[in-house]
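Coordinates in review
Residue-level listing of the chains:
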Amino acid sequence: MLLCLLEMDFLLLEIKAHPVRSSRGNAKDPIFGLKMGAESQSSDDVFRWFCVEAGNSSNPRIILIHGFPSQAYSFRKVLPVLSEDYHAVAFDWLGFGFSDKPQPKYGFDYTLDEYVSALESLVEKLAVDKFSLVVQGYFAPIVMKYASHHQEKLRNLILVNPPMTDKHAKLPSTLSIFSNFLLGEIFSQDPLRASDKTLTSSGPYMMKEEDAMVYRRPYLTSGSSGFALNAISRAMKKDLRNYIEEMKKVLISEAWTIPTTVCWGMRDRWLSYDGVADFCKISNSKLVELQMAGHHVQEDYGEELANIISQTVSKGK
Ligand SMILES: *[C@@H]1O[C@H](CO)[C@@H](O)[C@H](O)[C@H]1NC(C)=O
């Protein structure tokens, strides 16, 4: 399953996601009240993040951040290219892939604010020196909030198909369905809906079965992946619009000094290209169009994206 990642190192980092308000004991399965499997969470306030790294750690560091819903696995073709000149690190967000999937309300509630502070804790462990950030899709506004508070740590920012116009503020129905009462809970437990359909509906994708299987695995092995999906979908429904507004304000403001590039897969079926070029002009961001790529650019044009990242970051050195 992880054959193509063999050249890379895996880390399982235990990190306090954010200050825990109160101890509520061990998380329980929200339907039957049973104790959750070890997969879901190791303790009440410390979370295991699955990280993968490639390249010499004395090289400039690049952190690669996947979108919603995806996994670090999506960067499998990007990491080897970057590893030649950089130290590249990708991780699974809490609730995704091989990272912990705490039950909502037990130390982590999947709000966008909590993701921002969780990212702060993670980056503190991952990066000592300055680094460049690459983030794709719906996690971009969350990462942008982190970035706006930590400009002193950043060299470059590369946004890959981020939601960045008013039209992008509403989740596509394939994702918003997971926030529905009952129906959302049922759909999120179906690996074909939770994983395959969400990945293939966002672009011109024909995924290989062996890759689809990696993405499907968390949903096959534990119900907590689906519960996390429900919680994230609800949080995005509530706060995505505000986060996009904030992101735009930061990018336009004089105070934002980090060289910023927007890479856009033109065959994205979720986020319309309308208004993207205009906003890049206003915000002084460099725009790179990828004609054949969809929403998950790193999935279908991994090597091309890696070359763009590599050139962008080396210019900023
Ligand atoms: C990493 O780079 C440093 C400095 O260039 C070098 O001394 C070291 O041998 C390299 N490590 C590996 C494992 O290649």
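Here's what I pulled together on the structure shown here. Here the structure is a predicted model, which means the values were calculated and not measured. (Residues numbered from 1 in each chain as written. Predicted model: local features only at pLDDT ≥ 70, side-chain atom pairs only at ≥ 80, totals over all residues. Heavy atoms only, no water.)

Some details on the pattern of salt bridges
One pass over the structure, following the stated rule, counts eleven salt bridges. Linking Glu185 and Arg234 is a salt bridge whose minimum nitrogen-to-oxygen distance equals 3.0 Å. Of the two residues, Glu185 sits in helix α5 (residues 183–188) while Arg234 sits in helix α8 (residues 223–252), which places them 49 residues apart along the sequence. A residue is classified by how much of its surface remains accessible, and Arg234, at 33% relative accessible area, is partly exposed. Bridged by salt links that share partners, the residues Arg76, Asp211 and Glu299 form one connected network. (Salt bridge = Lys/Arg side-chain N within 4 Å of Asp/Glu carboxyl O. Helix = DSSP H or I, 4+ residues; strand = E, 2+ residues; numbered from the N terminus. Buried < 20%, exposed > 50% of the residue type's maximum accessible area, 1.4 Å probe, protein only.)

Side note on helix α11 (residues 302–315)
The terminal C-alpha atoms of α11, which comprises 14 residues, lie 20 Å apart, in line with the 20 Å expected from a rise of 1.5 Å per residue. Every buried residue of α11 is listed here: Gly302, Leu305, Ala306, Ile308, Ile309, Ser310, Thr312 and Val313. (Expected span 1.5 Å × (residues − 1).)

Considering the packing of aromatic side chains
If you walk through the whole model with that rule in mind, you get 17 aromatic pairs. Seen in terms of ring centroids, Trp93 and Phe139 are 4.4 Å apart; in terms of plane orientation they differ by 20°. Their pairing is stacked. Within this pair, whereas Trp93 is found in the loop between β4 (87–91) and α2 (112–126), its partner Phe139 is found in the loop between β5 (131–136) and α3 (140–149), the two being separated by 46 residues in sequence. For Phe139, a relative accessible area of 0% puts it in the buried group. Seen in terms of ring centroids, Phe108 and Tyr115 are 5.1 Å apart; in terms of plane orientation they differ by 80°. Their pairing is edge-to-face. An aromatic cluster is present here, built from Phe47, Trp49, Phe68, Phe91, Trp93, Phe96, Phe108, Tyr110, Tyr115, Tyr138, Phe139 and Trp270 joined pairwise through their rings. When the ring centre of Phe187 is taken as reference, the NZ or CZ atom of Arg193 above it lies at 3.8 Å. (Phe/Tyr/Trp six-rings, centres within 6.5 Å; stacked < 30°, edge-to-face > 60°. Lys NZ or Arg CZ within 6 Å of the ring centre and 35° of its normal.)

Considerations on the side chain of His66
Relative to the helices and strands, His66 resides in the loop between β3 (61–65) and α1 (78–82). On the accessibility criterion, His66 (0% relative accessible area) is buried. Here Ser70 takes part through its backbone oxygen, which lies 3.5 Å from a polar atom of the side chain of His66. (Polar contact = N/O pair within 3.5 Å; in protein donor to acceptor, adjacent residues only side chain to side chain.)

Side note on the pairing of strand β2 (residues 46–54)
In the case of a regular strand, side chains alternate between the two sheet surfaces. The buried count for β2 comes to seven of nine residues, which makes it a mostly enclosed element. Relative to β4, β2 runs antiparallel, the two being bridged by four bridges. Bridge assignment links Ala54 to a residue of β4, and that residue is Ala88. (Pairing = 2+ DSSP bridges.)

Thoughts on the pairing of strand β8 (residues 286–290)
Looking at chain direction, strand β7 (residues 260–265) and β8 are connected through five bridges and run parallel. When the bridges of β8 are listed, Trp264 appears paired with Glu289. Running through helix α9 (residues 276–283), the crossover from β7 to the neighbouring parallel element β8 is right-handed. (Right-handed = clockwise from strand over helix to strand, strands pointing away.)

Re the packing of α3 against α8
Between α3 and α8, the shortest axis-to-axis distance is 8 Å and the interhelical angle comes to 45°. On the basis of their axis angle, the class for α3 and α8 is oblique. Between α3 and α8 the crossing geometry is left-handed. Where α3 abuts α8, its residues Ala140, Pro141, Ile142, Met144, Lys145 and Ser148 lie against Met236, Leu240, Tyr243, Ile244, Met247, Val250 and Leu251. A per-class count over the contact of α3 with α8 returns eleven nonpolar, one polar and one charged. (Axes fitted to C-alpha atoms, helices over the stretch in contact; angles between N-to-C directions. Parallel < 35°, antiparallel > 145°, perpendicular 65-115°, else oblique. Left-handed = near helix turned anticlockwise from the far one by under 90°. Contact = heavy atoms within 4.5 Å. Nonpolar A, V, L, I, M, F, W, Y, C, P; charged D, E, K, R; others polar.)

Looking at the environment of Glu246
Within the secondary structure, Glu246 is located in helix α8. Relative accessible area serves as the criterion here: at 43%, Glu246 is assigned to the partly exposed category.

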